[in-house]
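Each chain, letter by letter, is given below.
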Amino acid sequence: MSVSQTQVVGVAVPAYPQAREGRQLVGANRTQALGVTAFLVGFTSLSGAFYSGKIFFYLLAVALVAVSVAAFRKCKPWENSEN
C-alpha cells in the first residue's frame, strides 16, 4: 500500500490502490450495494405508505427491508473472513 503526504496536516495517510477502470477500491461489494439500495427504497416506500395509507406500500416496505436484512446477513461472513 502506498502512502501519500497530506500538505495541510503534514501526516502520512494511506492511499488506496487504483482499480482497472480508474476507480478506487473501498472494500464494498455488489451484495452490500443491493442491501443499502433495498433499505433506502424500503423506507421511501414506507413514507409513501404513510402518505397514501395503501396496504401495498406497507407490504412493499416490509419486503424491501427484509431483502436488505437478508443481503446484509449474507455479507457478514465475508467481512469476518477478510479480517
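Residues numbered from 1 in each chain as written. Predicted model: local features only at pLDDT ≥ 70, side-chain atom pairs only at ≥ 80, totals over all residues. Heavy atoms only, no water.

**Observations regarding the overall build of the protein chain**
Each helix and strand in the protein chain was counted, giving 2 helices and 2 strands. The N-to-C order of helical and strand elements in the protein chain reads β-β-α-α. Counting across all 83 residues of the protein chain, residues that qualify as buried make up 16%. Put simply, of all contacts in the protein chain between residues at least 6 apart along the chain, 35% involve residues at least 24 apart. Working note: accessible area of the protein chain is about 6800 Å², and carbon and sulfur atoms make up 65% of it. (Helix = DSSP H or I, 4+ residues; strand = E, 2+ residues; numbered from the N terminus. Buried < 20%, exposed > 50% of the residue type's maximum accessible area, 1.4 Å probe, protein only. Contact = heavy atoms within 4.5 Å. Areas by Shrake-Rupley, 256 points an atom, 1.4 Å probe, with all protein chains shown as cover.)

**Things to note about the environment of Ser-52**
Considering the arrangement of structural elements, one finds Ser-52 in helix H1 (residues 30–52). Here Lys-54 takes part through its backbone nitrogen, which lies 3.3 Å from a polar atom of the side chain of Ser-52. (Polar contact = N/O pair within 3.5 Å; in protein donor to acceptor, adjacent residues only side chain to side chain.)

**As for the environment of Ala-66**
Relative to the assigned elements, Ala-66 resides in helix H2 (residues 55–82). A sequence separation of 31 residues divides Ala-66 from Gly-35, and the C-alpha atoms of the two residues are 9.4 Å apart.

**A look at a nonpolar patch on the surface**
Taken together, the side chains of Val-36, Phe-39, Leu-40, Phe-43 and Phe-72 present a nonpolar region at the surface, about 450 Å² in accessible area. Considering every element that reaches the nonpolar patch, the biggest residue donor is H1, with 4 residues. Considering the arrangement of structural elements, one finds Phe-39 in helix H1. Of the residues examined, Phe-39 reaches a relative accessible area of 37% and is grouped as partly exposed. (Patch = residues over 30% accessible without salt bridge, like charges linked within 9 Å, V, L, I, M, F, W, Y side chains within 5 Å. Salt bridge = Lys/Arg side-chain N within 4 Å of Asp/Glu carboxyl O.)

**With respect to the packing of aromatic side chains**
This structure, assessed with the given rule, holds 3 aromatic pairs. Pairing Phe-56 with Phe-57 gives two aromatic rings, centres 5.6 Å apart and planes at 65 degrees, and the pair type is edge-to-face. Classification of Phe-56 by relative accessible area gives exposed; the value is 55%. Among the residues examined, Phe-57 registers a relative accessible area of 29% and is labelled partly exposed. (Phe/Tyr/Trp six-rings, centres within 6.5 Å; stacked < 30°, edge-to-face > 60°.)

By themselves, these figures tell us nothing about what the structure is for.
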